Amino acid sequence: MGDSQHLQGERGGASASRHRTDTTLRVNGKPHQLTLDHRRTLLDVVREDLGLYGAKKGCDHGQCGACTVLVDGRRVNSCLLLAVTLDGSEVTTVEGLTGEGPTGDGEQPHPLQQAFLDRDAFQCGYCTPGQICSAIGALAEAAAGHPSRVTDPRAPSGRAVPLDRDEIRERLSGNLCRCGAYPRIVDAVEDVIA
Amino acid sequence: MKAFDYVRATSVEEACAALAARPGARFLGGGTNLVDLMKLGVEQPVALVDVGRLPLDAVEELPDGSLRVGAMDRNSDLAAHPAVRDRYPALSQALLAGASGQLRNAATTGGNLLQRTRCPYFQDVSKPCNKRVPGSGCGARDGVHHDHAVLGTSDHCIATHPSDMAVALAALDAKVELYGPGGAREVAAAEFHRLPGDHPEQDTEIRPGELITGVVLPAATGGLPSLYRKARDRASYAFALASVAAMLQVTDGVVERAGIAFGALAHRPWRARVAEEALVGAAPTAAAFERAVDLELSAARPLRDNAYKVPLARSLALDVLTRLAEPART
Ligand SMILES: Cc1cc2nc3c(=O)[nH]c(=O)nc-3n(C[C@H](O)[C@H](O)[C@H](O)COP(=O)(O)OP(=O)(O)OC[C@H]3O[C@@H](n4cnc5c(N)ncnc54)[C@H](O)[C@@H]3O)c2cc1C
Ligand code: SF4
Ligand code: FES
Ligand code: FES
């Protein structure tokens, strides 16, 4: 949506109100009342309106996973979701994963963020927020018994699926890493499972 | 992207009425194809009627033993559903072979069936394409057509349908449920997508204003051994170069029922009726499988750069049929 930058200006203008809708999004626990041009994607809203720059725009077409966030706990490509469709939803970006530290005065990284640091699971870091949100979604899916293409078809339905390296690779295949940090990303995910 | 009106529908009737009231409007499911095409300028709807939250996301067992899948069920949930995994394994496998975890969480059953071709000329508004602009020509025929169709093409279009799910639905004798201005009706999944002929702009048999409300998997194919196999340029997160969905019922050493469909070979999931006919009544031997698949694929008319698809599809089909005939190995 290369033209999304112009929309801010258009909002104040006389453009028909039928092209905008009042929308409530909870993002990282905070409610936001927004009047959204229907064209705006969730990715553009979190980055440009809410100043959350963690989710990245890689391809803007669902092909790279850099924009992955969690909506109501499920991982999605925020570049292909029109924000207006998400009224009332709970959005978690990578910024929302950190918790209060033991002393309550700082930000405690999520265990998966810590594992990415420990394992040096990135080089440029551009894909990393998407990788982390995607992995969190993938772990929840496996725990809920969702199979993947490499899950043994005889595995019982509805039971948590144990994740080996092949499973992790397949389940994270929607996240490209141009630096090729894949082996260490798998290491980091394995760390939080163990 | 052009500005557009947005309506969120809360019932099937309301969705159809909202669409009818706005010429040039489109239904919006998960948006993973439509929003993409809107960014590319290929689709320019004046309004979107959001059907993503319609209460059509259930998977229910019907009294006659069939399984009804709501049109808004997300691809990931359908693939994980115990009844689908246990009774229609090829469908679960086809869904899991498509796209990525993120995309499957958003994509709906209805939207998956109606996703448009990935032909690069279709997606580029500066190029000729009879599907996008009827009469403008087909850029792919003499251009880049490595991924294009080898069966059922026309002079006007050689595109393939990209859905993995639809291939499994065709092989499993599923039906597509529709609701629209003319009321409710059903179309066999294998007949839902069209061949391009003189009207490549029409992908399917859906009529103007119709909404897909669900898909029904028949009792008769439930529980039969079935498999989906897909070949692609990389191990995951890529569209098929060729794929096959097959189910096989063997009784007393004889094939009693066969359902075979190829993906990525044609403008629609290619139900291999010729091969099925050759197999029914025969012993499930390697020779019988080869004869049946070769008979089917003898209709292929590859172009300069896509002849590889024929032997590729042949190997996939033989592998899948052989595994289905030896349940111990599947
Ligand atoms: C990078 C990438 C890779 C992909 N890889 C694969 C792959 O390997 N295999 C594969 O099969 N798919 C693949 N896909 C495609 C994906 O499966 C589809 O985009 C998705 O299934 C579409 O569903 P949706 O609900 O998002 O549809 P939408 O984008 O919402 O809609 C698609 C079309 O259907 C119409 N529509 C939607 N719902 C209904 C309804 N109920 N009734 C009538 N009309 C309706 C819309 O108006 C629109 O024209 C890929 C997509 C991307 C972006
Ligand atoms: S193959 Fe079909 S979709 Fe592709 S350019 Fe030709 S007409 Fe268009
Ligand atoms: S930016 Fe969304 S998938 Fe690439
Ligand atoms: S760390 Fe650079 S793209 Fe992944």
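Here the structure is a predicted model, which means the values were calculated and not measured.

**Structural notes on the overall build of chain B**
Then, number 1: A count of helices and strands for chain B gives 12 helices and 12 strands.
Then, number 2: Against the 2.2 N^0.38 benchmark of 20 Å for 330 residues, chain B shows a C-alpha radius of gyration of 19 Å, consistent with a compact globule.
Then, number 3: Its C-alpha atoms give chain B principal-axis dimensions of about 60 × 50 × 35 Å.
Then, number 4: Counting all 330 residues of chain B, 58% fall into the buried class.
Then, number 5: Of the contacts formed within chain B by residues at least 6 apart in sequence, a portion of 62% connects residues at least 24 apart.
Then, number 6: For chain B, the accessible area works out to roughly 12300 Å², and carbon and sulfur atoms hold 53% of it.
Then, number 7: Looking at chain B, you have 36 positive and 38 negative side-chain charges, and the mean spots of the two groups are 5 Å apart.

**Looking at the overall build of chain A**
Then, number 1: Secondary structure assignment for chain A yields 6 helices and 7 strands.
Then, number 2: N-terminal to C-terminal, the α/β element order of chain A is α-β-β-α-β-β-β-β-β-α-α-α-α.
Then, number 3: Put simply, 54% of the contacts in chain A that link residues at least 6 apart link residues at least 24 apart.
Then, number 4: On chain A, roughly 8800 Å² of surface is accessible, and the fraction owed to carbon and sulfur atoms is 50%.

**Describing the packing of helix α4 (residues 128-143) of chain A against helix α6 (residues 182-193) of chain A**
Residues and elements named next belong to chain A.
Then, number 1: Direction vectors running N to C along α4 and α6 enclose 45 degrees, while the axes themselves pass 11 Å from each other. In this view, α4 runs oblique relative to α6, as classed from their interaxial angle. Seen along the crossing, α4 lies across α6 with a hand that is right-handed. On the side of α4, the interface is formed by Gln131, Ala135 and Leu139, while α6 contributes Ile185, Val189, Val192 and Ile193.

**A look at unusual backbone geometry**
All names here are of chain B.
Then, number 1: For Asp173, which is not glycine, the phi torsion reads 60 degrees and is therefore positive.
Then, number 2: Here Asp173 is to be found in the loop between α8 (165-171) and β6 (175-180).
Then, number 3: The exposure class assigned to Asp173 is partly exposed, which follows from its relative accessible area of 24%.
Then, number 4: Even without being a glycine, Ala264 presents a positive backbone phi close to 65 degrees.
Then, number 5: By secondary structure assignment, the location of Ala264 is in the loop between β11 (254-263) and β12 (270-271).
Then, number 6: Overall, the relative accessible area of 7% leaves Ala264 in the buried class.

**Considering the domain arrangement of chain B**
Then, number 1: Splitting chain B by domain gives domain 1 (5-52) and domain 2 (226-329).
Then, number 2: Distance between the C-alpha centres of domain 1 of chain B and domain 2 of chain B: 36 Å.

**Overview of the interface of chain B and chain A**
Then, number 1: Contact with chain B, which involves 41 residues of that partner, is made by 46 residues of chain A.
Then, number 2: Summing both partners gives a buried area of about 3500 Å² for chain B against chain A, and 50% of it is carried by carbon and sulfur.
Then, number 3: Looking only at chain B, the three residues that lose the most surface to chain A are B:Lys39, B:Arg85 and B:Gln102, adding up to 21% of its buried area.
Then, number 4: In this structure, the connection of chain B to chain A is made through 2 salt bridges.
Then, number 5: Close ionic contact of B:Lys39 with A:Asp60 constitutes a salt bridge, the shortest N to O distance being 2.9 Å.
Then, number 6: Our count for the contact surface shared by chain B and chain A stands at 25 residue pairs in polar contact (both at pLDDT 80 or more).
Then, number 7: Mapped by element, the contributors of at least two residues to the side of chain B that touches chain A are β1 (5-8), α2 (34-39), β3 (47-50), α3 (75-80), α4 (82-87), α5 (89-96) and α6 (101-106) of chain B.
Then, number 8: Tallied by class, residues from the side of chain B that touches chain A come to 16 nonpolar, 11 polar and 14 charged.

**What about the site of ligand 1?**
Then, number 1: Around ligand 1 sit 34 residues in total, of which B:Phe27, B:Thr32, B:Leu34, B:Thr108 and B:Asp164 are the nearest.
Then, number 2: With respect to ligand 1, the chains having nearby residues are chains A and B.
Then, number 3: Between ligand 1 and B:Asn112, the relevant distance is 3.3 Å, taken from an oxygen atom to a main-chain nitrogen or oxygen of the residue.
Then, number 4: B:Pro162 is positioned with one of its backbone polar atoms (N or O) 3.4 Å from an oxygen atom of ligand 1.
Then, number 5: For the shell around ligand 1, the secondary structure elements donating two or more residues are β2 (25-28), α7 (109-113) and β8 (211-217) of chain B.
Then, number 6: Broken down by class, the residue content of the shell around ligand 1 amounts to 14 nonpolar, 16 polar and 4 charged.

**Some thoughts on the confidence of the model for chain A**
Then, number 1: Considering every residue of chain A, the mean pLDDT works out to 91; 89% of them sit at 70 or more.
Then, number 2: Residue range residues 1-14 of chain A is modelled with pLDDT below 50. Its contacts to residues more than four positions away, or to other chains, number 27 contacts.

**Side note on the UniProt feature "domain: FAD-binding PCMH-type" (unreviewed entry) in chain B**
Then, number 1: Those residues carrying the UniProt feature "domain: FAD-binding PCMH-type" (unreviewed entry) are residues 1-222 of chain B in this numbering.
Then, number 2: Across residues 1-222 of chain B one finds 26% helix and 17% strand; the C-alpha atoms that close the span lie 44 Å apart.

**A few points about the pattern of salt bridges**
Residue and element names in this part refer to chain B.
Then, number 1: Within this structure, the stated rule accounts for 37 salt bridges over all chains.
Then, number 2: Between Lys131 and Asp203 there is a salt bridge; the shortest N-O distance is 2.7 Å. Separated by 72 residues along the polypeptide, Lys131 in the loop between α7 and α8 and Asp203 in the loop between α9 (189-192) and β8 bring together distant segments of the chain.
Then, number 3: Using a relative accessible area of 6% as the deciding quantity, one classes Lys131 as buried.
Then, number 4: Classification of Asp203 as buried rests on a relative accessible area of 11%.
Then, number 5: Across the pair Arg271 and Asp173 runs a salt bridge, and its minimum N-O distance is 2.7 Å. In this pair, Arg271 sits in strand β12 while Asp173 sits in the loop between α8 and β6, placing the two residues 98 residues apart along the sequence.

**Overview of α4(A)**
Residues and elements named next belong to chain A.
Then, number 1: In this model α4 runs 22 Å from its N-terminal to its C-terminal C-alpha over 16 residues, within 8% of the 22 Å that 1.5 Å per residue would give.
Then, number 2: For α4, the tally of buried residues reaches 13 of 16 residues, placing the bulk of the element in the interior.
Then, number 3: Gly145 occupies a position one or two residues after α4 and carries a positive phi of about 90 degrees.

**Concerning the nonpolar core**
All names here are of chain B.
Then, number 1: Core analysis: the biggest nonpolar cluster contains 55 residues, and Leu54, Leu91, Leu113, Leu169 and Leu217 have the highest contact counts within it.
Then, number 2: Per element, the largest residue contribution to this core is 7 residues, and it comes from α8.
Then, number 3: Ignoring any residue separated from it by four or fewer positions in sequence, one finds Leu91 in contact with Leu78, Val84, Met165, Ala168, Leu169, Leu172 and Leu217.

Conventions used here
- Residues numbered from 1 in each chain as written.
- Chains lettered and ligands numbered in written order.
- Predicted model: local features only at pLDDT ≥ 70, side-chain atom pairs only at ≥ 80, totals over all residues.
- Heavy atoms only, no water.
- Helix = DSSP H or I, 4+ residues; strand = E, 2+ residues; numbered from the N terminus.
- Rg over C-alpha atoms; globule rule 2.2 N^0.38 Å.
- Buried < 20%, exposed > 50% of the residue type's maximum accessible area, 1.4 Å probe, protein only.
- Contact = heavy atoms within 4.5 Å.
- Areas by Shrake-Rupley, 256 points an atom, 1.4 Å probe, with all protein chains shown as cover.
- Lys, Arg positive; Asp, Glu negative; His and termini not counted.
- Charge placed at Lys NZ, Arg CZ, Asp CG, Glu CD.
- Axes fitted to C-alpha atoms, helices over the stretch in contact; angles between N-to-C directions.
- Parallel < 35°, antiparallel > 145°, perpendicular 65-115°, else oblique.
- Left-handed = near helix turned anticlockwise from the far one by under 90°.
- Domains from an automatic or database assignment.
- Buried area = accessible area lost by both parts, 1.4 Å probe.
- Salt bridge = Lys/Arg side-chain N within 4 Å of Asp/Glu carboxyl O.
- Polar contact = N/O pair within 3.5 Å; in protein donor to acceptor, adjacent residues only side chain to side chain.
- Nonpolar A, V, L, I, M, F, W, Y, C, P; charged D, E, K, R; others polar.
- Near = heavy atom within 4 Å.
- pLDDT = per-residue confidence, 0-100.
- UniProt positions renumbered as here; feature names shortened; annotations may be inferred.
- Expected span 1.5 Å × (residues − 1).
- Core = buried A, V, L, I, M, F, W, Y, C linked by side-chain atoms within 4.5 Å.

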